[in-house]
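# Coordinate analysis (summary)
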Amino acid sequence: MLNIITQHWDTLVSGLGYTLQSSLIALIGSVVVGTAFALMEISVHRWLRVIGTAYVEIIRNVPLLVITMGFYVIVPKYVVAVDGFTAGTIGLTIYTSAFIAETVRAGIESVAVGQMEGARAVGMTYTQAMTHIVFPQAIKIVIPPLGNQFINLVKNSSVLAFVAGFDLMYQAKIIANLTFDTFNTYLAVGVFYLVLTMPLSYLMRYLEKKWVTA
Amino acid sequence: MQNFIDAYSQINLSYLLQGLWITVEVSVTSIFFSFLIGTLLGIARYVKVRFFSAAVGFVIDLIRNLPLLLILFFTYFALPKIGIRLGVIPASIVAMTIFESAMLAEIVRSGIIAVPIGQMEAARSNGLSYSQAMIHVILPQAFKKMIPPIVSQFISLVKDTSLATIILLPELTYHAQIIYGQNVNYTIPMFVALAVLYFVANYTLSIGARLINRRLNHA
Amino acid sequence: MTKRFKHVLAAVFAGLLALTLTGCGQSAASRDALTHAKQVKTLVWGVKADTRLFGLMNIKTGKIEGFDIDMATALTKQILGADAKPTLVQVTSDTRVPMLKGGNLDAVIATMTITPERQQVLDFSDAYFNAGQSLLVKKGSAIRSVKDLKAGTKVIGVQGSNSVDNVQKAAPNTKVLQLSDYAQAFTALKSGQGDALTTDNGILYGMSEQDPDYVVVGGTFTKEPYGIAMNKGQSRLRQAMNQALKDLKANGTYTKLVNKWFGDIPGFDAKEVQ
C-alpha cells in the first residue's frame, strides 16, 4: 500500500484536490440553494410552499448518480456544454441542497415561534427579526449538521468517477488499472478519504456535544 | 414525444422492471441484515464493554467515513484476495449491509441514549435482568423514536444501490444505461423513467413508515 | 451491566465472525481451472455486454450476443465436449483484470489486447483477432486522423483499456477523459463531452453501425492483437485453449464466426483481423 502512495502521490493528491474542490463548491452552492428552498417551504405564499416542498421531496427520493449522470449526458446535448467535473459538482449541489433545505427548515422552526413574535412585538420588521433574532440562533443548531453534510459531500463526490470528474475515486480506478494491484490501491485511497473525513467527523461530534450542553 | 413512445416500448419497460426487481431484492435483503447487525452494533457501542465497545465504535467510524463506492469496489475486487468470492448480487448486498449497518448503529445508539435513564432503573428495580430490561423496556421505546431516521437511512439505501452499477449489478440504473447506450434518443425518457421509478419506490417506503409511526403512536 | 448479557453479546458476535470466516473457501486462483471446469462442465468467461459486434446485451432476450460470445461458446464446447455450456459474467475493461485475478472467472474474452504489462500479471492465449486502434468522430468533424488531435481536443476513452495509453503516446497534448465502459463512453461522445472516441476499430465500427452519424476515421494507428486472458499458473487451461483455437481455425468455425459478425461491415476488412 505504501508504495502505491509514494509512486502515485501526485495523482492521488490531484484527485484529492478535485474531491475537496468539488465538495466545497457543492457545500456553498447547496447552502444557498437549500436555504432558498427552505424559506420557500415555510413561506406564507401557498405556491412557493408547493414548489419548495415538491423540489425537496423529489430530489430526496432520486439517487445522486441519476441526477449527476442526467446532467452529464443530457445538459450538454440540449442546453450548454458542461464537463464531468462541473456536471458532478452541480449534481452534488442539487442533491445536497434538498437535505440542507430540510436541515435549515428544521433549524428555523426549532427556534421557537415565540422568538419571532417577541421580536415583532418590540417593533422589528419581519426581515429584521429574521436576521437579528432567528438566524443567529438557528445557526448554532445547523452548523453540526452542515459539517456532517460536508463529510457526506466528500464521500458522495466519488460519483464524479462515473463522469470523468478527475476526483480521488477516478484516479483510484486509473491507478488500479495501471498497477493491476486493486487491493492496495483501494486501501490507499481509503486512507486518503479517511484523512479528510475522520478528523472532521470527530470535530462535528465535539461541537454537537459542546453546543447542546451549553 | 415520439421518442418517449418508442422508448417506453413493452420490451424496454419490462427490461427496466427487471432492473427494478434487482434493486428491490438487493435493497430489501440489505435492509433486513443491516437492521439486525446495525442494532447489535448500536447496542454493543452503547453498553460500554471495555475495549470491545471502543473497538466496535472505531470500526463503525471508519466505515461511516468512507464512500460506499469504495466499499463496493473493495467487497467485489479485494475480498477475493483473502478467499471470499461473491457473485455480483451477494457482493452488493454485503457491501450495502456493511455500510448501512454502520450508519444504523449510530442511529440506534443515539436512540437508546434518548430513552430516559430512569426507565432502565425502574425496570431493574422491578426485578428485570439487564438484558430483559434492554429488550422489553428500552429498545421498544428507542425504536419508536428512531423510526424517522431509520426510514431515511433505508431510502438512502435504495438510492445507493444505483452505485453498484460500477460493479455491473444489473439493477435499475444499469438497465436504463444499457437501453440509452443502444439508442441515444432514449436518454431523456430513460432518465425520466429512473426518476419516477425511484421516487415511487422511496415514497412508498416513507408513506409506509408514516403509517407504522401513526399506529405505534396510537397504540 | 450483568455478566450474562455480556456473554450473550459476545456469543452473537462470535457467531457472526464464524459465519464470515466460513465464507472463505480455498483459493480458486490456485486450483487447476481445467480440472475444475471438466468436473462442472462449464467454463466461466468474463465477457463484455456493452460492445456491439463483440458482446452486447440484447434487451429483448436478456442474452449477450457477439463475436466474443460465439467464440466463448465454441471454445467451451471444443475443450469440454458438445454438452458443455459457457457461463457468461459481464465485465468492463475496468473490472476484467481484478475479477480474473480474484478467481471469479476462468478466462476473459473481452476485446482484450495482449500487452507486455498485462502479461506480467496474466497469461494470454494466442491472438484470436487482430484489431487496431482508431478514432470515431461525428460525421463532418475536423478530426480525420490521430494527427489532428491537438492541445484542447478532448478524446474519450475507457478506463482499463490500453487505448488510453496509446492515444496519450500518439497525441501527448490531447486531453483524455476516461469513462467506465463503452456504452457510457459513446453516450458521452454523443452528448458532446469529447471530440473523438478512441478504441479498437472493431468496437468503433460496432458503434458506427448502431448510429451512422458517427464514423471511423484515419485508419488504425496501433496493432491490437486480442487474446484470451487467464490466470498465471493455469498452463493446462492455456494449452487447451490454444489447441482449441487451432482446431476451430482448422475446421472453419473461426472464419465462419468472423464473417458472421464482421463480413457485412462497410469499411471493415474481415480478412485483416484473422
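Treat the numbers as computed from the prediction; the structure is a model and nothing was measured. (Residues numbered from 1 in each chain as written. Chains lettered and ligands numbered in written order. Predicted model: local features only at pLDDT ≥ 70, side-chain atom pairs only at ≥ 80, totals over all residues.)

### Notes on the overall build of chain C
Each helix and strand in chain C was counted, giving 10 helices and 15 strands. For chain C, the proportion of its 274 residues judged to be buried stands at 51%. Summarising the internal contacts of chain C: among those between residues at least 6 apart in sequence, 70% fall at separations of at least 24. (Helix = DSSP H or I, 4+ residues; strand = E, 2+ residues; numbered from the N terminus. Buried ≥ 20, exposed ≤ 12 C-beta atoms within 10 Å, placed from the backbone. Contact = placed C-beta atoms within 7 Å.)

### A look at the sheet that holds strand β1 (residues 42–47) of chain C
The 5 strands lie next to each other as β5-β1-β6-β15-β7 (chain C), forming an open sheet whose pairing is mixed. One side of each edge strand has no neighbouring strand; the edge strands of this open sheet are β5 (85–90) and β7 (122–124) of chain C. (Pairing = 2+ DSSP bridges.)

### Digging into the interface of chain B and chain A
With 26 residues of chain B at the contact, the number on the chain A side is 25 residues. Going through the elements one at a time, α3 (52–64), α4 (68–78), α7 (130–160) and α9 (187–218) of chain B are the ones with two or more residues in the side of chain B that touches chain A. Partitioned by chemical class, the residues of the side of chain B that touches chain A number 18 nonpolar, 5 polar and 3 charged. (Nonpolar A, V, L, I, M, F, W, Y, C, P; charged D, E, K, R; others polar.)

### Points about the environment of C:S180
Relative to the helices and strands, C:S180 resides in the loop between β11 (175–179) and α7 (182–190). A residue is classified by how many C-beta atoms lie within 10 Å of it, and C:S180, with 25 of them, is buried. If near-sequence neighbours (up to four positions away) are discounted, C:S180 is found in contact with A:F162, B:I166, C:T92, C:D94 and C:Q159.

### Points about the domain arrangement of chain C
Residues and elements named next belong to chain C. According to the domain assignment, chain C contains domain 1 (33–130 + 225–262) and domain 2 (133–222). Contact residues are listed per partner, giving 12 residues for domain 1 and 17 residues for domain 2. Among the residues making up the side of domain 1 that touches domain 2, the classes are represented as 3 nonpolar, 6 polar and 3 charged. (Domains from an automatic or database assignment.)

### Considering the nonpolar core
In terms of nonpolar packing, the biggest core is built from 204 residues, with B:L70, B:L72, C:W45, C:V47, C:V108 and C:L136 touching the most fellow members. Both of domain 1 (33–130 + 225–262) and domain 2 (133–222) of chain C provide at least three residues apiece to this core. Those residues in contact with C:W45, other than ones at most four positions away along the chain, are C:A72, C:P86, C:T87, C:L88, C:V89, C:L105, C:D106, C:A107 and C:I109. (Core = buried A, V, L, I, M, F, W, Y, C linked by C-beta atoms within 7 Å.)

### A look at the environment of C:K256
All names here are of chain C. Along the polypeptide, K256 turns up in helix α10 (residues 253–262). The exposure class assigned to K256 is partly exposed, which follows from the 13 C-beta atoms found within 10 Å. Separated by 73 residues in the primary sequence, K256 and A183 have C-alpha atoms spaced 27 Å apart.

### Focus on the sheet that holds β11(C)
Residues and elements named next belong to chain C. Judged by pairing direction, the sheet is mixed, and its 5 strands sit side by side in the order β11-β10-β12-β9-β13 without closing on themselves. Looking at the sheet topology across the chains shown, the edges are occupied by β11 and β13 (214–217). Put simply, the sheet's adjacent strands are angled 35° from each other on average, direction ignored. Along the sheet, α7 makes contact with β9 (133–138), β10 (154–158), β11 and β12 (196–200), crossing β10 at roughly 165°. (Axes fitted to C-alpha atoms, helices over the stretch in contact; angles between N-to-C directions.)

### Points about α7(B)
Helix length check: α7(B) (31 residues) gives 37 Å between terminal C-alpha atoms against 45 Å at 1.5 Å per residue, more than 12% under. Along α7(B), the residues that are buried comprise B:A133, B:M134, B:I138, B:A142, B:M146, B:I150, B:F154, B:I155, B:L157, B:V158, B:K159 and B:D160. Buried residues along α7(B) sit in contact with α4 (64–78) of chain A together with α2 (10–47), α4, α5 (88–114), α6 (117–125) and α9 of chain B. (Expected span 1.5 Å × (residues − 1).)

### Let's talk about the packing of helix α2 (residues 9–41) of chain A against helix α8 (residues 168–179) of chain A
Residue and element names in this part refer to chain A. Packing of α2 against α8 brings their axes to within 7 Å, and their N-to-C directions diverge by 155°. As judged from the angle between their axes, α2 and α8 are roughly antiparallel. In contact with T11, L12, S14, G15, L16 and T19 of α2, α8 contributes L168, Y170, Q171 and I175. The class makeup of the residues in the contact of α2 with α8 is 5 nonpolar, 5 polar and no charged. (Parallel < 35°, antiparallel > 145°, perpendicular 65-115°, else oblique.)

### Remarks on unusual backbone geometry
For A:F166, which is not a glycine, the phi torsion comes out positive at approximately 65°. Structurally, A:F166 can be placed in the loop between α7 (126–156) and α8. The phi dihedral of B:L168 is positive, around 65°, even though this residue is not glycine. With respect to the helices, strands and loops of the structure, B:L168 is situated in the loop between α7 and α8 (172–182). Taking the number of C-beta atoms within 10 Å as the measure of exposure, B:L168 has 22 and is therefore buried.

### A look at the confidence of the model for chain C
Residues and elements named next belong to chain C. Averaged over all residues, the pLDDT of chain C is 90; the fraction at 70 or higher stands at 89%. For chain C, the element scoring lowest by mean pLDDT is helix α1 (residues 3–22), at 57; strand β6 (residues 107–108) scores highest, at 98. Segment residues 22–27: pLDDT under 50, and 8 contacts once partners within four positions in sequence are set aside and those in other chains are kept. Taken together, the chains of this predicted complex give a pTM of 0.89 and an interface ipTM of 0.91. (pLDDT = per-residue confidence, 0-100.)

### Thoughts on helix α5 (residues 84–110) of chain A
Residues and elements named next belong to chain A. In this model, α5 (27 residues) spans 39 Å end to end at C-alpha, consistent with the 39 Å of a helix rising 1.5 Å per residue. Along α5, the helix axis deviates most sharply at S97, where the bend reaches about 30°. Burial within α5 is extensive, with 20 of its 27 residues counted as buried. (Bend = angle between axes of the 7 residues up to and from the residue.)

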